[in-house]
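# Fold and contact review
Below are the chains, spelled out letter by letter.
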Amino acid sequence: MNVPWTLEELLPHRPPMLLIDAVEEFDPEAKSLTARVTVAPGRILCVAGPDGAGGVPNWVAIEYMAQTCAALAGCWDRHVAPDRPARPGLLLGTRKLVLGLDRFEAGRTYHVTAVNAFWDADAASFECTVRDESGAEVASAVLNVYRPPDLEGFLKEPAKQ
């Protein structure tokens, strides 16, 4: 499905921390979304490696996946209630993280997919993959997230002891 919303309408992130470039595909029936990331010199987190080649450290895959999950949740929110803004969420944890490369190479494009594995009113779990331009899987994980109904109120709550 073509996505009529901008990333700014779907995510709370703004440059330079908006790391995904575009939504490529949203499938509301499958509750899945694929985003595109092009690694470019000069963008945040892109550094020269020991061999002189530029890239983004492999651990940034978690943030690529988290932003793709957020875009999926935002698309879903807009899909079921077009007038309701997307709700921001919090990454609770990552399971089954596999990083199959040392870095995301500068000048390359990667495709990040999030598929809903579990979803209730406020919590969700997503199976995520990152694929390179040839379609080879270079990273994967399961991300668990929480979207409180009132994020500002949640963040102001004192810690419970």
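Refer to the structure above for everything that follows.
Predicted model, so just to flag it, every value in this text is computed and none were measured.

### Topic: the pairing of strand β7 (residues 109-119)
- With seven bridges connecting them, strand β2 (residues 32-38) and β7 associate as antiparallel partners. Its bridge partner lying in β7, A35 is registered against V112.
- As defined by bridge partners, β7 adjoins strand β8 (residues 123-131) across eight bridges and the pair is classed as antiparallel. The partner of V115 across the bridge, within β8, is E127.
- Linking two consecutive strands that pair antiparallel, namely β7 and β8, is a turn of three residues.

### Topic: the nonpolar core
- Judged by nonpolar contacts, the single largest core of 39 residues is most densely connected at I20, Y64, M65, F104, F126 and V130.
- Elements supplying a minimum of two residues to this core: α1 (7-10), β2, α2 (61-80), β7, β8 and β9 (137-146).
- Take this core: its biggest share by element is nine residues, from α2.
- Among residues more than four places away in sequence, those in contact with V130 are M65, F104, Y110, H111, V112, A136, E137, V138 and A139.

Thresholds, definitions, all that
- Starting from 1, residues in each chain are numbered consecutively following that chain's sequence as written.
- Restriction of local features to residues with pLDDT of at least 70 applies here, the model being predicted, together with a cutoff of 80 or more for giving and counting side-chain atom pairs; totals for whole chains, interfaces and linings are based on all residues.
- To obtain the side-chain values, all non-hydrogen atoms of the structure were used and water was disregarded.
- Note: two strands are recorded as paired if DSSP finds a minimum of 2 bridges between them.
- Helix and strand labels come from DSSP, where a helix needs a run of H or I of at least four residues and a strand needs a run of E of at least two; each type is numbered from the N terminus.
- To form a nonpolar core, buried Ala, Val, Leu, Ile, Met, Phe, Trp, Tyr and Cys residues must be joined to one another through side-chain atoms within 4.5 Å.
- For the exposure calls, accessible area comes from a 1.4 Å probe over protein chains only, and a residue counts as buried if that area is under 20% of its type's maximum, exposed if over 50%, partly exposed in between.
- Contact between two residues is taken to exist if any of their heavy atoms lie within 4.5 Å; hydrogens are not considered.

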